[in-house]
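Fold and contact review
What follows is the residue order along each chain.
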Number of protein chains: 2
Amino acid sequence: MDLHGGNIYKYSEKITDYSANINPLGVPKGFKKLLKKEMNNLVNYPEPNYNSLKEAIKKEFVVPLENIIVGNGATELIFLFIKAINPKKTLILAPTFAEYTRALESIDSEIHYFPYTESNNEFLLDIEKLKVELDKNYELVIICNPNNPTGSFLAPDFFVELLAHTSAHNTKLLVDEAFIDFMKDYKNLSVLNLKNDRIFITRAFTKFFAIPGIRAGYGFCFDKNILEKISKIKEPWSLNSFASITGNLFEEKSYIKKTYKWLDEEKVCFIKKLNKISGITVFKTNTNFILIKLHKISGSKLKGKLINFGFLIRQAKNFEFLDDSYIRIAIKDKSSNKKFVKALEKAIGN
Amino acid sequence: MDLHGGNIYKYSEKITDYSANINPLGVPKGFKKLLKKEMNNLVNYPEPNYNSLKEAIKKEFVVPLENIIVGNGATELIFLFIKAINPKKTLILAPTFAEYTRALESIDSEIHYFPYTESNNEFLLDIEKLKVELDKNYELVIICNPNNPTGSFLAPDFFVELLAHTSAHNTKLLVDEAFIDFMKDYKNLSVLNLKNDRIFITRAFTKFFAIPGIRAGYGFCFDKNILEKISKIKEPWSLNSFASITGNLFEEKSYIKKTYKWLDEEKVCFIKKLNKISGITVFKTNTNFILIKLHKISGSKLKGKLINFGFLIRQAKNFEFLDDSYIRIAIKDKSSNKKFVKALEKAIGN
């Protein structure tokens, strides 16, 4: 079984991919032009230190240049940060993205999982219980926010409380905001506003700008020692030439506007339709994908049936605390979503 | 000062870059078409495990799939291998590429350098002396072959001798063949033919196919334990979509032929002209760049003068055992080389 979504390569070309959470508007046209232009620059090494990209991030988020770090996808930054702080014992809020575990296993960190609580149609966090757990000397806590695959979101207040509670242990926080830009008000909702030296933040251009093929991520770090350690272990030229010009994506204002318009409308509409299907629980989401619990059919069986209808979904059984009754689907364009709902109804057998 | 060549970004656009060792024929036209086509696939994640690329490498070099590894440039593979075997004590044949040292420093390996011997116009290796050194319990020996920046090359026989001598210590070998494809007969000259489980080989598409902007490298490993360790610590999707289609480069037969024709002719011609300039030693080379020793002017001073004439060269003073009297230059097209020779003559003041 696949560890991640998005493996469309083993299916026919006609498959519609609901397993990867990519903006259905596709690569912004203006940026595509820049990519074509960049094709003439491939004979040169990418710009050392990627200063143009960092300058664009600095301008967009008003953060000093020295606190910005860029990577070959957010994944490189997650691995680098974990190697840099080399935590003996780590707590991961779960179910969540599997790569945190892989990165921690590569440095032999002791890993514990703290579960979100499933409550009707949402995943909540029992903060008091979490506080008790955090008193057990964790060096690192990892939180994906909004969380993949639950779609749940923790507001800045929670992080303030968490930082206060863990200050005695000097616990570090890795906050993966790979999907936060799908929240229109994300600049106000991000932990970046805390500018705290115990929080390392990762983000990606991947999902919002529909460029998983390019591999470009960025992050923020306010701890000088960690930044120094990372610069010591970081490989040179880890971003390719195309990734080095992703700073231009922030200028795609009309694409960004169109994306929020699509998501505002389609999220409500799609969930409404899904909720009419009996035998499933549709979880609340703060981003561009939806976790679903199946009551009549297993995820494995449903996946096979939907492949025959031309749709690829993401089984969620390899996420910690989830089993084969959960699946994750992307929110796509209106027309695809309509067809998907019909196929899902048929496949479940209503 | 720059750690590597190729930083053209701080100069005007009119500079001719002799500091980076890239094939002057540019990106192969057929491959450029494939890149443009791939632009429509950026909304998908790259193929997991990069099987098409690995299949192309398997076909080209007749090596089992499980012994092939691909990376975000050869650099990722060098870092991965060094992390995987985590050597306590390493010997590097030097002067050479600086990233081996950086990778070793990131894991706190003890690093020693064994010098090539400068002899008239070439760099040789004192094998008997090396053998004595190798009896001092090294876990890893790193050899760039052909070597950057000396241009010297060690034939397969040397490696057979080296393997035999170090078998008691079970010393591992990292052989970086990033420039070997500039030798027409490289398939016969590579240590790949030894298929030895103590040799890890890295290569790149970067230089020969003029695509440093894409970041694509590959390697060969015949040790199952090391391969397993690497797959445990490797980041997912480290190659971007464009890098994932570089296997098609092996089909660029006419580009490959043209490259050998250019290099055969131009290497002889360029070196002949350079040798007429008094006050410099031009070292023999087995690849597409040339190390030069300056007797009348420092590398720093010459670099400044040549910038004014529109040429960027690579100072070699930050290579182990070299000082500011050495520079490295690429072999480029006939017309540029002619202009470069004139500029060099002027700058040296003949």
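You'll find the structure just up there.
Residues numbered from 1 in each chain as written. Chains lettered and ligands numbered in written order. Predicted model: local features only at pLDDT ≥ 70, side-chain atom pairs only at ≥ 80, totals over all residues. Heavy atoms only, no water.

Side note on the pairing of strand 10 (residues 217-221) of chain A
All names here are of chain A. What counts, and what does not: Each residue is placed in one exposure class: buried if its accessible area under a 1.4 Å probe, protein chains only, is under 20% of its type's maximum, exposed if it is over 50%, and partly exposed if it falls in between. Numbering goes from the N terminus for both helices and strands, where a helix is a DSSP run of H or I of at least four residues and a strand is a run of E of at least two. In this description, strands pair whenever DSSP reports at least two bridges between them.
The buried fraction of strand 10 is high, at 5 of 5 residues. Residues G217, G219 and C221 line one face of strand 10 and the alternating positions Y218 and F220 line the opposite face, and both faces are buried. Here 4 bridges tie strand 2 (residues 68-71) to strand 10, and the two strands are oriented antiparallel to one another. Following the sheet pairing, I69 is matched in strand 10 by G219. With 5 bridges connecting them, strand 9 (residues 199-204) and strand 10 associate as antiparallel partners.

Quick notes on the interface of chain B and chain A
Convention followed: We call two residues contacting when some pair of their heavy atoms lies within 4.5 Å. Note: buried area is the sum, over both parts, of the accessible area (probe 1.4 Å) each one loses when the two are combined. Salt bridges are defined as contacts in which a side-chain nitrogen from Lys or Arg sits within 4 Å of a carboxyl oxygen from Asp or Glu. By the criterion applied in these results, polar contacts are pairs of N or O atoms within 3.5 Å in which, for protein atoms, one can donate a hydrogen and the other can accept it, and in which residues neighboring in sequence qualify only through two side-chain atoms. Each residue receives one of three labels: charged for Asp, Glu, Lys and Arg, nonpolar for Ala, Val, Leu, Ile, Met, Phe, Trp, Tyr, Cys and Pro, and polar for the others, Gly being one of them.
On the side of chain A, 53 residues touch chain B, which itself brings 52 residues to the contact. Surface buried jointly by chain B and chain A totals about 4,500 Å² across both partners, of which 61% is contributed by carbon and sulfur atoms. Between the two partners, chain B and chain A, sit 4 salt bridges. Ionic pairing is found between K83 of chain B and E235 of chain A, a salt bridge with its closest N-O pair at 3.9 Å. Inspection of the chain B/chain A interface yields 22 residue pairs in polar contact (both at pLDDT 80 or more). Split into classes, the residues belonging to the side of chain B that touches chain A amount to 22 nonpolar, 16 polar and 14 charged.

Some details on the relation of the copies chain B and chain A
Cut-off, in case you're wondering: Least squares is the method for superposing the copies, and the C-alpha atoms it fits come from residues with pLDDT of at least 70 in both.
Superposition of chain B onto chain A requires a rotation of 180° combined with a translation of 0.0 Å along the rotation axis, giving an RMSD of 0.0 Å. Taken together, the rotation and translation relating the two chain copies correspond to the operation of a two-fold axis. Measuring from the rotation axis to each C-alpha of chain B, the shortest distance belongs to K36 of chain B, at 3.7 Å.

As for the sheet that holds strand 15 (residues 326-330) of chain A
All names here are of chain A. The 4 strands lie next to each other as 11-12-15-14, forming an open sheet whose pairing is antiparallel. With one partner strand each, in any of the chains shown, strand 11 (280-282) and strand 14 (314-315) form the two edges of the open sheet. Judged from the 5 bridges that link them, strand 12 (residues 289-294) and strand 15 form a sheet pairing that is antiparallel. When the sheet's bridge partners are listed, I290 is paired in strand 15 with I329.

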